[in-house]
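Report on the structure
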Amino acid sequence: MVWKKLNGGRRVTCQLLGIILVENSPEELQKHATVRLSVVDILVEICRTCDLYLMERILDDESEERVLLALENAGLFANGGLMRDKVLFCSTENGRSSFVRQIEPDWHIDTNLEIVFQLSRFIRHQLHISPNPLDGITSNVFTSTSLDQYFSCE
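The shown structure was predicted, so the numbers you read here are calculated from the model rather than taken from an experiment. Just so you know, the residues in each chain are numbered from 1, in the order the chain's sequence is written. Local features in a predicted model are, by the rule used here, given only for residues with pLDDT of at least 70; side-chain atom pairs are given and counted only at 80 or more, and totals for whole chains, interfaces and linings are based on all residues. Side-chain numbers here rest on the full set of heavy atoms in the structure, without hydrogens or water.

1. Examining the environment of E56
So the rule is basically this: In this description a helix means any DSSP run of H or I spanning at least four residues, a strand means any run of E spanning at least two, and both kinds are numbered starting from the N terminus. Exposure classes here rest on a 1.4 Å probe applied to the protein chains alone. A residue is buried below 20% of its type maximum, exposed above 50%, and partly exposed in between. Contacts were defined at the residue level, with two residues in contact if any of their heavy atoms lie within 4.5 Å. Polar contact is the term for a pair of N or O atoms within 3.5 Å; when the atoms are in protein, one must be able to donate a hydrogen and the other to accept it, and sequence-neighboring residues count only if both atoms are side-chain atoms.
Within the secondary structure layout, E56 lies in strand β2 (residues 51–57). You can call E56 buried: its relative accessible area is 1%. Taking the C-alpha atoms as reference points, E56 and A78, separated by 22 residues in sequence, lie 21 Å from one another. Once you skip the residues sitting within four places of it in the chain, E56 turns out to touch Q15, L16, L17, L29, L88, F89, C90 and R96. Polar side-chain contacts of E56 include one of 3.5 Å to the side chain of Q15.

2. Side note on the nonpolar core
The condition is simple: Among the buried residues, those of types Ala, Val, Leu, Ile, Met, Phe, Trp, Tyr and Cys that are joined through side-chain atoms within 4.5 Å form a nonpolar core.
By size, the foremost hydrophobic cluster in this structure holds 39 residues, and its most contacted members are I20, L71 and L147. Secondary-structure elements contributing two or more residues to this core are β1 (11–15), α3 (37–49), β2, α4 (61–73), β3 (87–90), β4 (107–110), β5 (125–129) and α7 (147–152). Among the elements that line this core, the one with the most residues is α3, at seven residues. In this structure, L147 is in contact with I19, I20, V39, I42, L43, I109, L127 and I129, ignoring residues within four places of it in sequence. Of all hydrophobic cores here, the second largest spans eight residues; its members include V100, I115, L119 and I123.

3. Brief notes about the packing of aromatic side chains
Put simply, the rule is: Pairing of aromatic side chains requires ring centres within 6.5 Å, counting the rings of Phe and Tyr and the six-membered ring of Trp. Pairs whose planes differ by under 30 degrees are stacked, by over 60 edge-to-face, and all others tilted. Only lysine NZ and arginine CZ atoms are considered, and such an atom sits over a ring when it is within 6 Å of the ring centre and within 35 degrees of the ring normal.
In this structure the tally under the stated criterion is four aromatic pairs. When the ring of W107 is compared with that of Y150, the centres are 6.2 Å apart and the planes differ by 55 degrees; the resulting orientation is tilted. Here Y150 lies in helix α7 and W107 lies in strand β4, a separation of 43 residues in the sequence. According to the relative accessible area criterion, W107 is buried, its value standing at 1%. On the basis of an interplanar angle of 50 degrees and a centroid distance of 6.3 Å, the ring pair of F142 and Y150 is categorised as tilted. Grouped by ring-pair contacts, the aromatic residues W107, F142, Y150 and F151 constitute a single cluster. In this structure, K5 is placed above the aromatic ring of Y150, and the distance from its NZ or CZ to the ring centre is 4.5 Å.

4. Considering the sheet that holds β1
Stated precisely, the cut-off is as follows: Strands are labelled as partners when DSSP assigns at least two bridges between them. Angles shown run from 0 to 180 degrees and are taken between the N-to-C directions of axes, each axis being a line fitted to C-alpha atoms and, for helices, limited to the stretch in contact.
Ordered in space as β3-β2-β1-β4-β5-β6, the six strands form an open sheet in which the pairing is parallel. Strands with a single pairing partner mark the edges of an open sheet, and in this sheet they are β3 and β6 (141–144). The average angle at which neighbouring strand axes cross in this sheet is 20 degrees, direction not considered. Looking at chain direction, β4 and β5 are connected through four bridges and run parallel. Note on β5: the bridge partner recorded for H108 is Q126. Along the sheet, α4 contacts β2 and β3; its crossing angle with β3, the most-contacted strand, is approximately 160 degrees. Strands in contact with helix α5 (residues 93–103) are β1, β2, β3 and β4; relative to β2, the strand with the most contacts, it is inclined by about 165 degrees.

What follows is the structure, given as structure tokens:
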């Protein structure tokens, strides 16, 4: 199902906050980082068929360590095929957008509608994750309430 939904895409970039992680802000990452159990199998499957890059804006080096430890504890590095050097951190939202443009993925997954809109002319497919998904952003932007919801439905 994951391969089918990615329409043959080979490179995927994905924001961490609110999608992979339970936390929704860089401030929350200063206290803890928790991987959503519902997305682990999806990430493993994406790693089997695609080059996956995870990225997030953080406020300090300790937040970076918390995120990497949470991903490791979820088994994504050892068993999941995710490479530690493909987890990228920046200090601004524009930094995340720049990472995506440099990597040139087939798919980008993000919660920030402004970033999704800015990238829509450069990235072949995007998935916007939001509690209130909007339809019709552009023809290459899909919407869903969560990563697992998008990949579980037909």
